Amino acid sequence: AKHAIDAKLKKSLDGARCAVSGSGNVAQYSTKMLMELGGKVVTISDSDGVLVFDDGMTSDDFDKFIEAKQVKRTRLSSLDGSVSGKYVPDQSPWTL
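What counts, and where the lines are drawn
- Residues numbered from 1 in each chain as written.
- Predicted model: local features only at pLDDT ≥ 70, side-chain atom pairs only at ≥ 80, totals over all residues.
- Heavy atoms only, no water.
- Axes fitted to C-alpha atoms, helices over the stretch in contact; angles between N-to-C directions.
- Helix = DSSP H or I, 4+ residues; strand = E, 2+ residues; numbered from the N terminus.
- Parallel < 35°, antiparallel > 145°, perpendicular 65-115°, else oblique.
- Contact = heavy atoms within 4.5 Å.
- Nonpolar A, V, L, I, M, F, W, Y, C, P; charged D, E, K, R; others polar.
- Core = buried A, V, L, I, M, F, W, Y, C linked by side-chain atoms within 4.5 Å.
- Buried < 20%, exposed > 50% of the residue type's maximum accessible area, 1.4 Å probe, protein only.
- Pairing = 2+ DSSP bridges.

(A) Representation of the packing of helix α2 (residues 25-36) against helix α3 (residues 59-71) in the model. As a packed pair, α2 and α3 sit with axes 11 Å apart at the nearest point and diverge in direction by 170°. As judged from the angle between their axes, α2 and α3 are roughly antiparallel. For the pair α2 and α3, contact is made by Gln28, Thr31, Lys32 and Met35 and by Ser59, Phe62, Phe65, Ile66, Lys69 and Gln70, respectively. Taken together, the residues that form the contact of α2 with α3 break down as four nonpolar, four polar and two charged.

(B) Looking closely at the nonpolar core. Counting 19 residues, the largest nonpolar core has Ile44, Leu51, Met57, Phe65, Leu76 and Leu79 as its most contacted members. Among the secondary structure elements, those contributing two or more residues to this core are α2, β2 (40-46) and α3. A per-element tally of this core places α3 first, with four residues. With residues near it in sequence (within four places) discarded, Met57 still touches Thr31, Met35, Val41, Ile44, Phe62 and Phe65.

(C) Looking closely at the sheet that holds β2. Ordered by their spatial adjacency, four strands build an open sheet running β1-β2-β3-β4, and the pairing between neighbours is mixed. Looking at the sheet topology across the chains shown, the edges are occupied by β1 (17-19) and β4 (86-89). Taking the axes of each pair of neighbouring strands and ignoring which way they run, one obtains an average angle of 15° across the sheet. For strand β3 (residues 49-52) and β4, the ladder comprises four bridges, and the chain directions are antiparallel.

Printed below as a string of structure tokens:
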């Protein structure tokens, strides 16, 4: 996947700031892949708001995100204060 992405973009994802819209299965997998490929995931969102990670989501943040969505089945707002990102209600990655 890394070679295909690098070839398509004509550059590496290393250090690239990546906004992810959503927090469902596709967003979860995309976030994981972007992080594995060196991208800095700076947003994830749900219909109530967006979590913003100025320095990129950490692996600990990702684990908490997955637990919140897959185990606890809670909204992203429940992560405010427990991850390195800040929750912004009533916004999306595209309206910040």
